[in-house]
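# An overview of the molecular structure
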Amino acid sequence: MNTINDKTPGVRATQAQQGELPFQVLNEREMRQFYLNEARMMCPTATEARSEKARLEILQVRVRRLIKMFTDLHNFQWNEGVRQMQIGYGIYMMEHSISSKERRNVNDAWAQRLSAIVGMQSYNDLVNHMLMHYTRQGRDLEQLLAAYSADGFSAEKCGDDGSL
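In this report, the structure presented in the accompanying data block is examined.

In this section: the packing of aromatic side chains. By the definition in use, this model includes 3 aromatic pairs. Plain terms: the ring middles of Phe 34 and Tyr 35 are 4.9 Å apart, the flat faces sit at 80 degrees to each other, and that makes the pair edge-to-face. For Phe 34, a relative accessible area of 40% gives the class partly exposed. What makes Tyr 35 buried here is its relative accessible area of 2%.

This brings us to the packing of helix H2 (residues 28-42) against helix H3 (residues 52-75). Where H2 meets H3, the closest approach of the two axes is 9 Å, and the angle between their N-to-C directions is 70 degrees. The pairing of H2 with H3 is recorded here as roughly perpendicular in orientation. When the axes of H2 and H3 are compared, the crossing they make is left-handed. The residues of H3 that touch H2, namely those facing Arg 32, Tyr 35, Leu 36, Glu 38, Ala 39 and Met 42, are Glu 52, Arg 55, Leu 56, Leu 59, Arg 62 and Leu 66.

Describing two packed helices takes the angle between their axes plus the distance from one axis to the other. Across the interface, H3 lies against helix H6 (residues 124-146) with an axial gap of 9 Å and an inter-helix angle of 150 degrees. The angle between H3 and H6 places the two elements in the roughly antiparallel class. With respect to the hand of their crossing, H3 and H6 are arranged in left-handed fashion. In the contact of H3 with H6, the residues fall into 13 nonpolar, 7 polar and 4 charged.

Within the secondary structure, Asn 79 is located in the loop between H3 and helix H4 (82-93). Measuring from C-alpha to C-alpha, the distance between Asn 79 and Gln 121 comes to 8.8 Å, with 42 residues separating the pair along the chain.

So, how was this worked out
- Residues numbered from 1 in each chain as written.
- Predicted model: local features only at pLDDT ≥ 70, side-chain atom pairs only at ≥ 80, totals over all residues.
- Heavy atoms only, no water.
- Phe/Tyr/Trp six-rings, centres within 6.5 Å; stacked < 30°, edge-to-face > 60°.
- Buried < 20%, exposed > 50% of the residue type's maximum accessible area, 1.4 Å probe, protein only.
- Axes fitted to C-alpha atoms, helices over the stretch in contact; angles between N-to-C directions.
- Helix = DSSP H or I, 4+ residues; strand = E, 2+ residues; numbered from the N terminus.
- Parallel < 35°, antiparallel > 145°, perpendicular 65-115°, else oblique.
- Left-handed = near helix turned anticlockwise from the far one by under 90°.
- Contact = heavy atoms within 4.5 Å.
- Nonpolar A, V, L, I, M, F, W, Y, C, P; charged D, E, K, R; others polar.

Structure below.
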């Protein structure tokens, strides 16, 4: 089973850039309720008919996918290959057998892709923040799910105040 920690790709660099978020949940019951609400909002299959553990596991899968997505966005080298693509685009556009309609279509498609590349570069700070956010949620969910016994949440695993 993959665990989410400070060695998750992209997390260490992001933490070094922005520091760990100063967010700490002291009461485990409140944290559990927060993540059950999060599961209800983010995961349509995490219905009330399922057990709390099942809903948290569904959310954990979603959070792991979000971590993977934001890690990929964080690590992607947006500038690499643009020059080679421009050369290939230029050579293609110089072909005499291309109709002017196709030239316009290819030009529009190329402009959209370049715009997306430039646009994604401007969101690096948000990508880094969301990567840190979901990495923290992944760790919290691992901690919560570890507190469940085979038959559901075990109050014996947490103190009277609800902390682990």
